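Close look at the chain arrangement
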Amino acid sequence: MSHTVFTEERNIANALISGLANMTETPTPEQVEEKAKQIAAIFGYTGDLRNIISEARTSVVTHMGAGISLVDVNVNHDDQWVHKRQDITWAYAGAYGNFLLKEGWPPQMVNRLGEVTTNILGHLQDPLSEGTTWNRRGLVIGHVQSGKTANYTGLIARAADAGYKFIIVIAGIHNNLRKQTQQRIDEAFIGRSSDPKDRRRIGVGLDPKYPNPVTVTNIHGDFTKQIADESGWKINDFSKPVIFIIKKNVSTLKSLHKWLKELNAGDGGRISDVPMLLIDDEADNASINTNKEDLDPTQTNAKIREILSLFAKSCYVGYTATPFANIFINPDAYSDDVREDLFPRDFIYCLDAPTTYFGAEKVFLNEETSQSIVKTIDDCENFIPYVHKRDDSIHELPPSLYRAFDEFIIARAIRNLRGQSRKHCSMMINVSRFVPVQKAVRDLLSLREKKIREAVRASYAMPEDVSSRNSYMQGLKQVFEAEYADVGVSWSQVKAALNGVFEHLHLYVINSKSDEVLDYKKYEKDGVGLTAIAVGGLSLSRGLTIEGLTVSYMYRNTRMYDTLLQMGRWFGYRPGYEDLCRVHLSRDSINWYSHIAESAEELEQQVRRMRQRDMTPREFGMYVLAHPDRILIVTASNKMRAGEEVVINQNLTGRLIETTALTLDPEINGENELLIERFWNRLRGKAKETGKGWFFPDVLIDDIEWFIVKFKHHRDAALQKSTILDYLEAIKWKFPKGDVLFVSKGGCSPESFSLGAQERTAKGASKEKWLLSGYRLASRGDEKLGLTSPQIAAAEAEAAKGDEGKTKEPSDFHYRVIRNKPLLMIHVLEPKDNPEFSGYRVPAFGVSYPDGLSGKEVRVVANRIWLEQMQGPSDDPDEEEDHDD
């Protein structure tokens, strides 16, 4: 397909989306199809309309909320200055909006992005405001692969319109990430290709009247002082804004600082007349002061702070999907040389994800969708173990990886049948950070690809009784029948389309030492959809966008929140093929991702609650520091010396803490069942049947503590149980009573007491330990049980606040807020998927705490062994000399 036809399809899609946006009511699928045919006739287009119609229908249902900000209410700052400035001409912002429309963004999304970036700009300082010095520090939290780059590009455009004259974008730590960012900003803001061999107008710059900004960085070259010196210019030599896109690299930052100081600073050593905005992309990576406070800050952190301190008027905005490390920045850290640290003291802005976002909730928390999307890797340890060295020999790949590869081939064939042959389709494989291992994986997979290609070419057009004799064709058919039999196409259709899968299929090794590049733009120019298999490690784990990602295979050993979330490149937008996506992970990773998704959801809810109470980013930072998962999300740099103990202040406000490490010892579990019956009899007379067990309101905390103390726990839950009791004791003065819920499948009889057991998977469990899947005991919605109708209505109203365009179904957090007292939930579980423990009954419990206790903490002493047990093995690349960093 020629680029001309590709452009024609884009124009038809844009016209269709714009027409649908003007309709007063949401159009039906039939109306979308009819309007598409009308517009195609106007253009004289007779090609396939399926992809255009699918894209338009997606745009109709795509909505995004405005997000929520937490600001320092004690600072004299007017967030409305943007609206009061009548002199601003939104030239850059308007051009960017038009650019997004041409790229196929739904009009309502472009409008909402404009509103959100205007809100964020309001949190910055008015660049024309009076005063000789000012600085602002903020953080924008988005979702992985949800459009953070689009957001900060919009912020840059609006900041330039408002009068910010010097803008720095610090991209990722790898060359390919900086190049990717440079390409995007070339199109969306600079308006010219920065390729020295191909200087032409692109994107926003196709308008001949566009006021192109000034830059010296390009897709091939980062900033160097030599480049700036040779140019001989200063920031103030230009009436238009100046923008640099640089890598997060110490030498680059040093060069920039030196040039700024030597050529641009005034007599006082500062740049006094240039309002400056610094955007720190992936702000949690390499920007954080990871040294101990009594040592010098890390060089990257220090250089960013030094650059900021050169400007009398500066704003720092970090962008991240993993804010945990940013929140751990000491808000009081200061030194004379580098001034304040990067703590977001002035504002934290949480972005809403669009309704079509394919995120952690859909992949890990929604039981219906996650069952089809997430696949467990159980066989990789024997081929490429978690812990391996750079020179370990890899002789064969695990069968699960070959199966995932077969899934990818089938999924590409189905996408082609859906009219998506000119859309990119990718597979990500992340099993090692070592370059030699990555190359070995690619080579073995390449051999497999050649064999499958030969089998397909020989068999795809043959009758089924002939083609089914080939083992590779058998494997492809088995994958189709197991995974894709209900997606609307038949095996005969898929088999006929298999040969086309290999037309533009390429395997890549992506790391900082490789010259292989996932250049999707190159294929787009020819109207071709690339079919890419990307094997890599750290480069795939942070920032790099993998277009059309359909199948992912990741076997890594980290349990650090920020690293895990960044590895989730499968999050994003999957229009027209979401049902084909598959994510292969180890059982541990699936558990941790589920746990992280819950925690991230609760953190976002806390931002909303704290905003309602006029609390500050500093108070939120203190809350996260005392968050019970703080021990789980410390980054690799927060090392502990052997034998060292740490004291952690924990705050359980608005949290559910559960026993998820359980014993399968029948004697202990029998004793716990007797304890549950004794506790029931102790409370008898107040019970209310809920449809899923029995509810006892207003039980004395002393009685709840009695049960927890008597309950025989697994040894790995000792510290957790102690913390639960300590916190109940700490808040007893305010909450002398709580609720108790006996959760029971099928109810239970007060006359012959026994809780109905709930089934939970016990794959991988042993008699010594059963670790619950997803680190979750209660089912979502259990905390609703026992609440009155007015309380449930209040929870629904709480969930609806500020969540425009989102589902209004309350989460457990909302029920917790409305209950406003501690809740003890008691369960009996029955292991499944493990014949050794068939019929076992395993008691467990959890306690949820009311919200609004930000200042009430308990002290927990944890030793190194316990922390390692909770965090898992280190995945710190600095421990190895040869990696893909």
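Remember, predicted model here, so these are calculated numbers, not experimental data. (Residues numbered from 1 in each chain as written. Predicted model: local features only at pLDDT ≥ 70, side-chain atom pairs only at ≥ 80, totals over all residues. Heavy atoms only, no water.)

1. Looking at the overall build of the chain
Within the chain one finds 31 helices and 28 strands. Across the chain, contacts joining residues at least 24 apart in sequence account for 81% of those joining residues at least 6 apart. (Helix = DSSP H or I, 4+ residues; strand = E, 2+ residues; numbered from the N terminus. Contact = heavy atoms within 4.5 Å.)

2. Considering the confidence of the model for the chain
Summing up the model confidence of the chain, the mean pLDDT is 81 and the portion of residues at 70 or higher is 83%. For the stretch residues 326-339, pLDDT sits under 50, and the model shows 43 contacts to residues farther than four places along the chain or on other chains. (pLDDT = per-residue confidence, 0-100.)

3. Focus: the packing of helix H15 (residues 399-417) against helix H16 (residues 435-459)
The geometry of H15 relative to H16 is characterised by a closest axis approach of 11 Å and an angle of 50° between their N-to-C directions. With respect to H16, the axis of H15 lies oblique. Here H15 runs over H16; the crossing is right-handed. For the pair H15 and H16, the contacting residues are Leu401, Tyr402, Phe405, Asp406 and Ile409 in the first and Val441, Leu444, Leu445, Arg448, Glu449 and Ile452 in the second. Classifying every residue of the contact of H15 with H16 gives eight nonpolar, no polar and three charged. (Axes fitted to C-alpha atoms, helices over the stretch in contact; angles between N-to-C directions. Parallel < 35°, antiparallel > 145°, perpendicular 65-115°, else oblique. Left-handed = near helix turned anticlockwise from the far one by under 90°. Nonpolar A, V, L, I, M, F, W, Y, C, P; charged D, E, K, R; others polar.)

4. Thoughts on the environment of Leu853
By secondary structure assignment, the location of Leu853 is in the loop between strand E27 (842-848) and strand E28 (858-863). Leu853 gets classed as buried once you look at its relative accessible area, which sits at 5%. Expressed as a C-alpha distance, the spacing of Leu853 and Asn651, which sit 202 residues apart in the sequence, is 7.6 Å. (Buried < 20%, exposed > 50% of the residue type's maximum accessible area, 1.4 Å probe, protein only.)

5. Concerning helix H11 (residues 299-310)
The end-to-end C-alpha distance of H11 is 16 Å, a good match for the 16 Å that 12 residues give at a rise of 1.5 Å each. The buried fraction of H11 amounts to 11 of the 12 residues, a majority that puts the element mostly inside the structure. Within H11, the full set of buried residues consists of Thr300, Asn301, Ala302, Lys303, Ile304, Arg305, Glu306, Ile307, Leu308, Ser309 and Leu310. (Expected span 1.5 Å × (residues − 1).)

6. Quick word on helix H23 (residues 587-612)
The end-to-end C-alpha distance of H23 is 38 Å, a good match for the 38 Å that 26 residues give at a rise of 1.5 Å each. Of all 26 residues in H23, 20 are buried; the element is thus mostly enclosed. Looking one or two residues past H23, Asp614 carries a phi angle of roughly 60°, positive in sign.

7. Quick word on the pattern of salt bridges
Taken as a whole, this structure holds 32 salt bridges when the rule is applied. A salt bridge links Asp78 to Lys84, with the shortest nitrogen-to-oxygen separation between them at 2.6 Å. Overall, the relative accessible area of 33% leaves Asp78 in the partly exposed class. With a closest N to O distance of 3.5 Å, Asp739 and Lys821 form a salt bridge. Pair noted here: Asp739 is in strand E23 (residues 737-743) and Lys821 is in the loop between helix H30 (812-819) and strand E26 (823-832), with a separation of 82 residues, a long-range link. The same class applies to Asp739 and to Lys821, which are both buried. Several salt bridges share partner residues, and in doing so they unite Lys375, Arg403, Glu407, Glu483 and Arg582 into one network. (Salt bridge = Lys/Arg side-chain N within 4 Å of Asp/Glu carboxyl O.)

8. Some details on the pairing of strand E14 (residues 531-536)
Looking along a regular strand, one sees side chains alternate from face to face of the sheet. In terms of residue burial, E14 counts as a mostly covered element, since six of its six residues are buried. Here E14 shows a buried face lined by Thr531, Ile533 and Val535 and a second buried face lined by Ala532, Ala534 and Gly536. Pairing analysis gives five bridges linking strand E12 (residues 425-430) to E14, with the strands arranged parallel. In the strand pairing of E14, Met428 is matched with Ala534. One ladder, built from six bridges, connects strand E13 (residues 505-510) with E14; its direction is parallel. Pairing of Ile510 across the sheet is with Gly536, part of E14. (Pairing = 2+ DSSP bridges.)

9. Concerning the packing of aromatic side chains
Scanning the model with the defined rule gives 22 aromatic pairs in all. Between Phe679 and Phe707 the ring centres are 4.9 Å apart and the planes differ by 25°, which places this aromatic pair in the stacked class. Remark: Phe707 occurs in helix H27 (residues 701-710) and Phe679 occurs in helix H26 (residues 666-683); sequence separation between them is 28 residues. Judged by relative accessible area, which is 0%, Phe707 ranks as buried. Through a chain of ring-to-ring contacts, three or more aromatic side chains come together here, namely Phe679, Trp680, Trp694, Phe696, Trp706, Phe707, Phe711, Phe742 and Phe845. Note that Arg158 overlies the ring of Trp90, its terminal NZ or CZ placed 4.9 Å from the centroid. (Phe/Tyr/Trp six-rings, centres within 6.5 Å; stacked < 30°, edge-to-face > 60°. Lys NZ or Arg CZ within 6 Å of the ring centre and 35° of its normal.)

10. Comments concerning the sheet that holds strand E17 (residues 582-586)
The strand order across the open sheet formed by six strands is E11-E17-E15-E12-E14-E13, and the pairing between neighbours is parallel. Only two strands of the sheet have a single partner each, and these edge strands are strand E11 (374-377) and E13. For this sheet the average axis-to-axis angle between neighbouring strands, irrespective of direction, equals 15°. Where strand E15 (residues 549-554) and E17 come together, three bridges link them in parallel fashion. For Tyr553, the partnering residue across the bridge sits in E17 and is His584.

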